[in-house]
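# A look at the structure
Here's the letter readout for the chains.
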Amino acid sequence: MSRTAVITGGTGGLGAAVVSTFVEAGWRVVAPVRDGSQRRLPAGAEPVVADLTSPEQVEAAIAVAAGQGEAPLRAVVNLVGGYAGGGRIHETAVEDFEAMLRVNLRPAYLVTQAALPVLVAGGGGSVVCVSSRAAVAPFPGAAGYVTAKAAVLAFANAVAVEYKGQGVRCNTVLPSVIDTPANRDGMPGDRAKWVDPADIAKVILFLAGDDSKPTSGAAVPVYGQA
């Protein structure tokens, strides 16, 4: 293993596919997880218990990721997030709106913020964020989620601009509906046009690696046939 990736959300439907893809490609994977969920990670990942809304715990997780000199930190993949829908804007409490920002935007900000000095000191690296097609093509009844995913996209673009002179790239993938167990339970019906997590994982691996070196500030649609 010659390089390390921090991958958040590694126990989720997409996250497990991404972790497995990175491990199979020879990366050392450090995966911050909630206490009690370590066993849900795919084989080969190193779990670190952390609350990703806590700056102190995020810093500690990044310190673990940066702790092996023979496998320097080269990539950050921000997958952790969540969805909640409901009524239209006038029917949605501001607390529910802000909860979507807290679960989708705050972890991406804190993890990237903590990792950037390490990436810069090591000569550069890649940050990959996961937004959503909803960020550019909203649907009704999920203003908090739509806003949060649009904010993730804007944040990634800010990282790309601010650190382009220091060898750090930042790109975003925008999935449509991902074919995960949770989505199958929540949205029964025709899944023919949903996107396989393994296919998205390959795109994320490409963006994290040297083959995408010229690419930064991209918003990559991974819609499948949807």
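For the structure itself, look to the data block above.
Below or above, wherever it landed, is the structure these notes cover.

Definitions and cut-offs
Residues numbered from 1 in each chain as written. Predicted model: local features only at pLDDT ≥ 70, side-chain atom pairs only at ≥ 80, totals over all residues. Heavy atoms only, no water. Phe/Tyr/Trp six-rings, centres within 6.5 Å; stacked < 30°, edge-to-face > 60°. Helix = DSSP H or I, 4+ residues; strand = E, 2+ residues; numbered from the N terminus. Buried < 20%, exposed > 50% of the residue type's maximum accessible area, 1.4 Å probe, protein only. Lys NZ or Arg CZ within 6 Å of the ring centre and 35° of its normal. 1 Å grid on protein atoms, 1.4 Å probe; cavity = no way out; pocket = protein on both sides within 12 Å on 5 of 7 lines; lining within 4 Å. Points joined across faces, edges and corners; volume = space filled by probe spheres on them. Nonpolar A, V, L, I, M, F, W, Y, C, P; charged D, E, K, R; others polar. Pairing = 2+ DSSP bridges. Axes fitted to C-alpha atoms, helices over the stretch in contact; angles between N-to-C directions. Right-handed = clockwise from strand over helix to strand, strands pointing away. Salt bridge = Lys/Arg side-chain N within 4 Å of Asp/Glu carboxyl O.

In this section: the packing of aromatic side chains. Tallied over the entire structure, the rule returns four aromatic pairs. Aromatic side chains Tyr109 and Phe155 sit 5.4 Å apart centroid to centroid with 50° between the ring planes, which places their arrangement in the tilted category. Here Phe155 lies in helix H5 (residues 143-163) and Tyr109 lies in helix H4 (residues 106-121), a separation of 46 residues in the sequence. Relative accessible area serves as the criterion here: at 15%, Phe155 is assigned to the buried category. Following the ring pairs from residue to residue traces out a cluster consisting of Tyr83, Phe139 and Tyr145. Over the face of the ring belonging to Tyr223 we find Arg133, whose NZ or CZ atom lies 4.9 Å from the ring centre.

Volume-wise, the largest pocket comes out at about 1300 Å³. Around the largest pocket, the lining comprises 45 residues; the ones closest to its centre are Leu79, Val80, Gly81, Gly82 and Tyr83. Among the elements of the structure, helix H1 (13-24), strand E2 (28-33), helix H3 (94-104), H5 and helix H6 (181-186) are those that each provide at least two residues to the lining of the largest pocket. For the lining of the largest pocket, a count of residues per class yields 22 nonpolar, 17 polar and six charged. As a volume, the second largest pocket reaches approximately 210 Å³. Lining the second largest pocket we find 13 residues, and of these Gly124, Gly125, Gly167, Arg169 and Asp210 sit closest to its centre. Here the lining of the second largest pocket is composed, by residue class, of two nonpolar, six polar and five charged.

Ordered in space as E3-E2-E1-E4-E5-E6-E7, the seven strands form an open sheet in which the pairing is parallel. Bordering the open sheet on either side are strand E3 (45-49) and strand E7 (219-222), each of which pairs with just one other strand. Between one strand axis and the next, the sheet turns by 20° as a mean value, whatever way the strands run. Where strand E1 (residues 4-7) meets strand E4 (residues 73-78), four bridges bridge the pair, whose relative direction is parallel.

Both faces of E1 are covered, namely the face carrying Thr4 and Val6 and the face carrying Ala5 and Ile7. Note on the crossover from E1 through H1 to E2: the handedness is right-handed.

This part is about the pattern of salt bridges. Taken as a whole and assessed by the stated rule, the structure comprises one salt bridge. Close ionic contact of Arg28 with Glu46 constitutes a salt bridge, the shortest N to O distance being 3.0 Å. In this pair, Arg28 is assigned in strand E2 and Glu46 in strand E3, connecting sequence segments 18 residues apart. For Arg28, a relative accessible area of 3% translates into the label buried. For Glu46, a relative accessible area of 28% gives the class partly exposed.

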